[in-house]
Amino acid sequence: MKGIVMRSTGSFYDVLATDGKKYNCRVRGKIRLEGIKETNPVAVGDYVSIDLEHEIGSITEILPRKNHILRQSVKKTGHAHVLAANIDQAMVVATLSYPRTSLGFIDRFLVSVEAFRIPQVIIFNKKDLLDEKGMQWLNELIALYTGIGVRCFSISALEEDQLVIRGVLQDKTTLVAGHSGVGKSTLLNKISPAIRQSVGEISDFSEKGIHTTTFAEMFRLDETTFVIDTPGIKEWGLVDMNQQEISDYFPEMRERRLGCKFQSRCIHVNEPKCAILDAVKSGAIALSRYESYLSMVLGEDNRK
Ligand SMILES: Nc1nc2c(ncn2[C@@H]2O[C@H](COP(=O)(O)OP(=O)(O)O)[C@@H](O)[C@H]2O)c(=O)[nH]1
Ligand SMILES: [Mg+2]
Ligand SMILES: [Zn+2]
């Protein structure tokens, strides 16, 4: 029988099979997917073949993936693991206040996802808490991110705005991310009763300092609509990216960097005749985006 992996705990997997039932399965023997060298080959979102002869089913095969997202398990020391597979879009929920999501976090998320060529959506939540100045800033950010090809929505999850987001999710598999406290659970709960999440429980504190691998969990909204929640992800580490590569994942840099004097050797930090630096100076590239870029290029977690 075939099925889709809804949840993984590292050794066990919940598989939603074509008969509509969920089976607890594990991987028996070694299965390898071509081109994947990661240690846990089966990920949430994978289409798999399962064998139900024994009390606990076994996953015997991973069907070819459309795509996947890798994530660094533990900063620096750990290996990358496949966070999820077969994703149509990745959505980050952010807030400009209570709490304030840094643009650095948003940009890191966008880059991590863009590296796998997966379309991105930003949901700016808690619009109701913004004053006039805050609204102005919000509109500037929406203009900035829309300008680089990211779909943006501003909502208040406390209002009826979730209907718009339900439409964004329809017929797709969407990975959802965001810092704790931004209203992710509030939004997901309103979107679907199938997703039952506790609201307002900040579990950050107890998790701090413990290097656990974060696993994603998938929920089904209807036959063709899936949401993948990624609880507890506080940082998006860049996996396997060299300095030259990073500007490729900034859509506003991708074409422009061909104009740099040093071409692919330019990392746009202090090189002469750098097309990216020129664009930052002229305002064609937003300063906040360039600052995020610099932190990724010069950040130590990323030097290779
Ligand atoms: N003012 C306001 N508060 C919100 C909104 N969305 C969520 N909250 C509140 O923010 C807190 C954190 O929400 P929660 O859904 O648990 O956030 P999560 O950690 O991202 O899952 C809760 O007290 C929610 O009631 C919103 O749009 N406006
Ligand atoms: Mg939550
Ligand atoms: Zn350059």
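Residues numbered from 1 in each chain as written. Chains lettered and ligands numbered in written order. Predicted model: local features only at pLDDT ≥ 70, side-chain atom pairs only at ≥ 80, totals over all residues. Heavy atoms only, no water.

**Things to note about the overall build of the protein**
- Tallying secondary structure elements over the protein gives 9 helices and 13 strands in all.
- Taking all 304 residues of the protein together, the buried fraction comes to 52%.
- Across the protein, every contact between residues at least 6 apart in sequence was considered, and the portion connecting residues at least 24 apart equals 64%.
- Looking at the protein as shown, the accessible area adds up to about 15100 Å², and 51% of this sits on carbon and sulfur atoms. (Helix = DSSP H or I, 4+ residues; strand = E, 2+ residues; numbered from the N terminus. Buried < 20%, exposed > 50% of the residue type's maximum accessible area, 1.4 Å probe, protein only. Contact = heavy atoms within 4.5 Å. Areas by Shrake-Rupley, 256 points an atom, 1.4 Å probe, with all protein chains shown as cover.)

**A word on the confidence of the model for the protein**
- Scored by pLDDT, the protein has a mean of 88; 88% of the residues are at 70 or more.
- Of the regions scoring below 50 in pLDDT, residues 203–212 engages in 6 contacts with residues more than four places distant in sequence or in other chains. (pLDDT = per-residue confidence, 0-100.)

**Notes on the packing of helix α1 (residues 103–114) against helix α9 (residues 287–298)**
- Direction vectors running N to C along α1 and α9 enclose 70 degrees, while the axes themselves pass 9 Å from each other. The angle between α1 and α9 falls in the class roughly perpendicular. Here α1 and α9 pass one another in a crossing that is right-handed. Residues Leu103, Gly104, Asp107, Arg108, Leu110 and Val111 of α1 form the contact with α9, whose own contacting residues are Ser288, Arg289, Ser292, Ser295 and Met296.
- Taken together, the residues of the contact of α1 with α9 sort by class into 4 nonpolar, 4 polar and 3 charged. (Axes fitted to C-alpha atoms, helices over the stretch in contact; angles between N-to-C directions. Parallel < 35°, antiparallel > 145°, perpendicular 65-115°, else oblique. Left-handed = near helix turned anticlockwise from the far one by under 90°. Nonpolar A, V, L, I, M, F, W, Y, C, P; charged D, E, K, R; others polar.)

**A short note on the pairing of strand β6 (residues 68–72)**
- Burial within β6 is extensive, with 4 of its 5 residues counted as buried.
- Sheet topology places β6 next to strand β7 (residues 80–85); 5 bridges connect them, and they run antiparallel. Residue pairing across strands places Arg71 opposite His81, the latter belonging to β7. (Pairing = 2+ DSSP bridges.)

**Here we look at the coordination of the zinc ion (ligand 3)**
- Distances from the zinc ion (ligand 3) to its protein donors, namely Cys260 (SG), Cys266 (SG), His268 (ND1) and Cys274 (SG), fall within the range 2.1 to 2.4 Å.
- The site at the zinc ion (ligand 3) holds 4 donor atoms, and with the angles between them running 103 to 117 degrees, its shape is tetrahedral.
- Sequence spacing of the donors to the zinc ion (ligand 3): C-x5-C-x1-H-x5-C.
- Judged by its relative accessible area of 2%, Cys260 falls in the buried class.
- With a relative accessible area of 1%, His268 lands in the buried category. (Donors = N, O, S within 2.8 Å, 3.2 Å for Na, K, Ca; no water. Tetrahedral: all angles 85-135°; square planar, octahedral: opposite > 155°, others 65-115°.)

**Structural notes on unusual backbone geometry**
- Following Tyr98, the chain continues to Pro99 via a peptide bond in cis, the omega torsion being -10 degrees.
- Of note, Pro99 is situated in the loop between β8 (89–95) and α1.
- Although it is not a glycine, Asn86 sits at a positive phi angle of roughly 55 degrees.
- For Asn86, the location among the structural elements is in the loop between β7 and β8.
- Asn86 gets classed as buried once you look at its relative accessible area, which sits at 9%.
- One non-glycine residue, Tyr98, adopts positive backbone phi at about 50 degrees.
- By secondary structure assignment, the location of Tyr98 is in the loop between β8 and α1.
- Among the residues examined, Tyr98 registers a relative accessible area of 61% and is labelled exposed.

**Section: helix α3 (residues 162–169)**
- Burial in α3 covers these residues: Gln162, Ile165, Arg166, Val168 and Leu169. Looking straight down α3, one finds that the buried residues subtend no more than 160 degrees of arc, so they occupy a single side.
- Asp171 sits one or two positions beyond α3 and adopts a positive phi of about 65 degrees. (Arc of directions from axis to C-beta.)

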